[in-house]
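Okay, here's what each chain looks like letter by letter:
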Amino acid sequence: MIDFLTAAVVATMPLLFATLGEILTEKSGSLNLGVEGMMLMGAVFGFSTVYNTGNPFLALCAAFLAGAVGAFIFALITVTFQGNQVVTGLTLTIFGAGFSRFVGDHMIGSSVPRAAQDFFGKVKIPLLGDIPFVGQIFFRQDVFVYLGYIMVAVLSVYIYKTRPGLNMKAVGENTAAADASGIPVNLYKYLHIVAGGGLCGLGGAYLGIVSVPMWQEDVVTGRGWIAVALVILAGWNPIKALVGSFVFGALSILGLWQGSMGIHISQDIVNMFPYLATILIVIISTHKNRKEDRPPGNLSDPYFREER
Amino acid sequence: MTSTPAIRMERITKTFGTVTANDNINLTVWNGEIHALLGENGAGKSTLMNMLSGIYRPDSGFILIDGKQVNIASPKDAIKMGIGMIHQHFKLVDVMTAADNIIIGQKGKFLLSRKDAHQKIKEISERYGLEIDPAKKVYEMSVSEKQTLEIVKVLYRGARILIMDEPTAVLTPQEIQQLFRIIRNMKEQGCAVVIITHKLNEVMEISDRITVLRQGKSIDTIETKDVKVPTLIEMMVGRRVELKIKREEVAEKKALLNFSHVTVLDKEKHEMLNDVSFELKTSEILGIAGVAGSGQKELCEVICGLQQASGGNILFEGEDIVGKDPYEIYKLGIRMGFVPEDRLGMGLVASMDIVHNVVLKDYRMQKGVLLHRKSSIDKSKRIVESLEVLTPGITTPVRRLSGGNIQKVLLGREIDILPKVLITAYPVRGLDIGASFKIYDLLNDQKKNGVGIIFVGEDLDVLLDLCDRILILSGGKVTGLVNAQETTKEAIGYMMTVGLEEGFRAARTGGTA
Amino acid sequence: MKSPIKIIKRGDLSKKKTVMIQLIAVVLSLVFAGIVMLFFNLNPLEVFSTIVRGSIGTDIRIKQTIVRAIPLIIASLGILVAFKMKFWNIGGEGQIMMGALASSFVALNFGDLPKPLLLLLMAMAGAIAGGIWGLIPALFKAKMGTNETIFTLMMNYVAIKYVSYLQYGPWRDPEAKGFPRIPRFTDNGVLPKVAGVHIGWIFALLLVVAVFFFMNYTKKGYEIAVVGESLNTARYAGMHVPSIIITAMLISGGLCGFVGMIQASAVEKTLVYTISGNYGFTAIITAWLARLNAIATLFVCLAFAVLLQGADYIQLSMHVPSALAQVVQGVILFFVLGSDFFIRYRVRWAKDSSKTTGEGASV
């Protein structure tokens, strides 16, 4: 069981980073459905960087950058040129998928260099790692996982306790009000879309470099979309996002682990579970009544100051 | 008054495409002055002020604030120069508290400390005599509380120049008096206040000087004490007009629509209409008055079948229409016209042309699966011609038309079905005087033809002049049903706020919209 | 914030100018894609000319290109019906998959039926299964207002996993010597050829006309458009919105399901879990590029089929990954999405240094 849950934490990370990224994007008022595409871009650039340079740190930077560039395209089209967000996001997904296949084509089957794999080896956190059960599961992980925990904390503080965080929420909730209050709304949108895309890129990189340290096509397999649903389930809250990602992380590896857990159903059927569960979330979250749990008021509405 | 004016706008011109919204306008406002900017809808008042608040930028001309020429590129710049604008549609974040709404966009420490803000808010509130609860969420506020919050917000930003766009439009007479006290208070503190309005009596009461705009041009600036209302009207409209709304007297009236104990709940099970009973007669205009969000929308929509009553009966000529959707009501042969408040979002399809908007009511009469446009084309032509709709053609998307012409298309279509009941929600909102009177005439014509009309309005003067009777709603309950000729504005204003706990109910439904 | 650019809202732009702007966007996007290719040490002129040669260079290639255009056209028609209603059906892949699954079920179990009857049954099964797959999210949307975007997308994965389960499990051909594949259809289950290409091209053309007629000349088509523009207006006009959503999605899913039948019957001649071939996604791009107009869809899809077929060719002849086609598609749509701005607004260099912007002129 502990092994399974430890592996679940690993499977949590791609979802977590992507969900956090999309939370930032949506909180500032944009619905970017290109998560899947940005993750794929992050995955392929992260992998190719580590493959070519062997430097894991550079790889993370490249992955962040790749996701951020994808998000920047989205921002340019939707914020500046006011294109339809849904279609632009979908296009970004198609584009990202194509791009990752195109760039990754010659690397299929290649492995992450040994040194880099070691870099992402398990590290025990002193004290915390000694806590029975919990410590074994959560605090004997790789550095990337700890980065994920840190991101949850950082974003929680940012969103709820800081001035820019408050301004960002205002932009997402009521763009016109934020603008009238002197907040540079387009700058806020750009920054959060791009930063959100970067996080999605990191999520993709985790899949491409750590989860499976060997390049294969379409590593993301719908996790970007699950992340979009997780944002809703988490009510735009980073801590709840961690919980949600963990549950879905566990679900997503059930297929591989069921044998050792004494369950015997076709792996393909078990692999349906995360998708079915996502559908369930989407249905359940239709009925959210508390105002604070609802999507940002101006989510996916284009804003042009003079258009009233 | 000091020697340098707070605001000086010189030869300001602003065009939108082919329309000149502001043509060479000059305006001077002094510190400690209440300046009224008067004009019809579309005269260019808001455009002019939006150039001060950084929403628009002038094509030509220049602006001096406290004697210095400035370039106001964004709302941020305006705030820096001490200019605060309170927009007609409040710009507040619903899910945030009053305090958070005040501090957004402000410079300060990276980590939020709300204590300091609360302290400063308290100081400002006391100085200007404003009442505000910093911890209250905006969605729990009444319209006038929201307005107060907007005022505190601009004062917090150190505004010395206050611009208020139609601040009284959504207030009761009592709330208006309260607002005027606050404005006078600000004047005494040396602020320059500009009020945009088209309500003449208020202009006479509150302002020191008046600048009248007409069709984008500045007509004149005058001392309020030197001028009389009829002169102002002439300056606004450009000709002498009789500003008296006719009330057609029709003797014979029969019962038409009967509400008894109707209750409507919203999704969260709040009572939006609570035990409402009244009767609408033929050849009657029944006015509906109330603070925004008092149940007017629900009243209109429950008749049309767009919302369902959870209790009570609505009898139309004896037939109960509760529980029926719009199509079923239509199937019963009940001809009902409805001009909703949100014209482009509900009554019309904004991106479609006049013909396809006329089709909207026609197509269900057609047999078979095919869509026939022929009769709708004829009808569109007829509406355009008889109501003098200004449009390049009947294939122009309706969103391209001006507010008045959009309203004519909508009302024209609804009248064309020869309704027995005509429901109109704020039918003259945003229209100029000429267009408004055209609408009043149309309604009076319908009344003469025996139609029972429900007229939801916000301008109490209009309600008093046009309607036969007025039903007052407060928090979803009927708090009065009066004969228009036997009551006063103040009396209605009082009934509008009966039983409201801090206006919570009104606010909950989003009275800002 | 201070830029010397003046943005003015346009009046209604003529159709001709709108198309012009879009064409310019497409050309620019190809130029941009070319620049990207340079970064990967590819000669864009060579790539593009090879794509053209590879797709329309010979008779056979033209036929192959048409075979690719057929599913794309029909799927795009399905997508446009949903998108017109602003129902973001991105479940085309799954609907194609389920259509293929159902028609395969018929073909595999009733392979002895006379050809016309069998094909008819297969087509019906495909359309119904695709329709049902589209109906599920539609029902939730209609009754509860559930967000359809993620729902339809997740339904894709469920369908793919299920077919993959069948292919590796219960439906696996025992005679394939351990190779995980489903048995081939009998000849009766294979669509005939007309003029060298399977008969699907005739269906595609007929459906283009039918969908065009449906959207523009029927009450239902009008209702779908009104629901797409404004739900409130639709309710106000007495339209029964849930049934409109359901009808539209049945049609949308049904068309995609029919694509599945065609692909299974005429192209693969069996069921494979890769049968949807990304057509469900590509159709989103083509439908949008065609501005949700059925006739325009035909031409956009033909152009995209050239791109797809050509991309396969460059993979063989130049060893350039065929995913390049996907990249180029994305770039094209990015540019066209961005170009909408120039259709709505006119951008000019302001004469003086003060930036001024403007709102729309009303009549």
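Described below are features of the structure shown in this document. This is a predicted model, so every value here is computed, not measured. (Residues numbered from 1 in each chain as written. Chains lettered and ligands numbered in written order. Predicted model: local features only at pLDDT ≥ 70, side-chain atom pairs only at ≥ 80, totals over all residues. Heavy atoms only, no water.)

Re the pairing of strand β10 (residues 217–223) of chain B
All names here are of chain B. In this sheet, β10 lies alongside strand β9 (residues 209–214) in antiparallel orientation, the contact comprising 6 bridges. Within the sheet, the bridge partner assigned to V212 lies in β10 and is D220. What sits between β9 and β10 in their antiparallel hairpin is a turn of 2 residues, with Q215 showing a positive phi close to 45 degrees. (Pairing = 2+ DSSP bridges. Helix = DSSP H or I, 4+ residues; strand = E, 2+ residues; numbered from the N terminus.)

Thoughts on the environment of C:I24
All names here are of chain C. With respect to the helices and strands, I24 occurs in helix α1 (residues 15–39). Since its relative accessible area comes to 45%, I24 is described here as partly exposed. Sequence separation between I24 and L117 is 93 residues; the distance between their C-alpha atoms is 48 Å. (Buried < 20%, exposed > 50% of the residue type's maximum accessible area, 1.4 Å probe, protein only.)

As for the pairing of strand β1 (residues 7–16) of chain B
Residues and elements named next belong to chain B. Counting buried residues in β1 gives 7 out of 10 residues, a clear majority hidden from the surface. Direction of pairing for β1 relative to strand β2 (residues 19–29): antiparallel, over a ladder of 7 bridges. Within β2, the residue paired with F16 across the bridge is V19. Count of turn residues in the β1/β2 antiparallel hairpin: 2 residues, of which G17 carries a positive phi of about 60 degrees. With 5 bridges connecting them, β1 and strand β4 (residues 60–65) associate as antiparallel partners. Bridge pairing links T13 to S60 in β4.

Quick word on the packing of aromatic side chains
Ring pairs (aromatic) are described by centroid distance and by the angle formed between their planes. What the rule picks out here adds up to 38 aromatic pairs over all chains. Ring centres of A:F102 and C:F40 lie 5.2 Å apart, and the angle between their planes is 75 degrees; this geometry places the pair in the edge-to-face category. In this pair, A:F102 sits in helix α4 (residues 85–104) while C:F40 sits in the loop between α1 and α2 (44–56), so the two residues belong to two different chains. Overall, A:F102 belongs to the buried group, its relative accessible area being 9%. On the accessibility criterion, C:F40 (33% relative accessible area) is partly exposed. Geometrically, the ring pair formed by B:Y327 and B:Y330 is tilted, given 6.0 Å between the ring centres and 35 degrees between the ring planes. Of the two residues, B:Y327 and B:Y330 are both situated in helix α10 (residues 326–331); the distance of 3 residues between them amounts to about one turn of the helix. Taking the relative accessible area as the measure of exposure, B:Y330 reaches 22% and is therefore partly exposed. Put simply, the rings of A:F45, A:F95, A:F99, A:F102, C:F40 and C:F334 touch in pairs and so form one group of aromatic residues. (Phe/Tyr/Trp six-rings, centres within 6.5 Å; stacked < 30°, edge-to-face > 60°.)

Considerations on the interface of chain C and chain B
Bring the parts together and some accessible area is lost; that lost area is often taken as the interface size. In this complex, chain C contributes 35 residues to the contact, which on the side of chain B involves 48 residues. With both sides pooled, the region where chain C packs onto chain B buries about 3300 Å², and carbon together with sulfur makes up 55% of that total. Seen at the junction of chain C and chain B, the total is 0 salt bridges. Scanning the region where chain C abuts chain B turns up 17 residue pairs in polar contact (both at pLDDT 80 or more). (Contact = heavy atoms within 4.5 Å. Buried area = accessible area lost by both parts, 1.4 Å probe. Salt bridge = Lys/Arg side-chain N within 4 Å of Asp/Glu carboxyl O. Polar contact = N/O pair within 3.5 Å; in protein donor to acceptor, adjacent residues only side chain to side chain.)

By themselves, these are just geometric observations and shouldn't be taken as functional.
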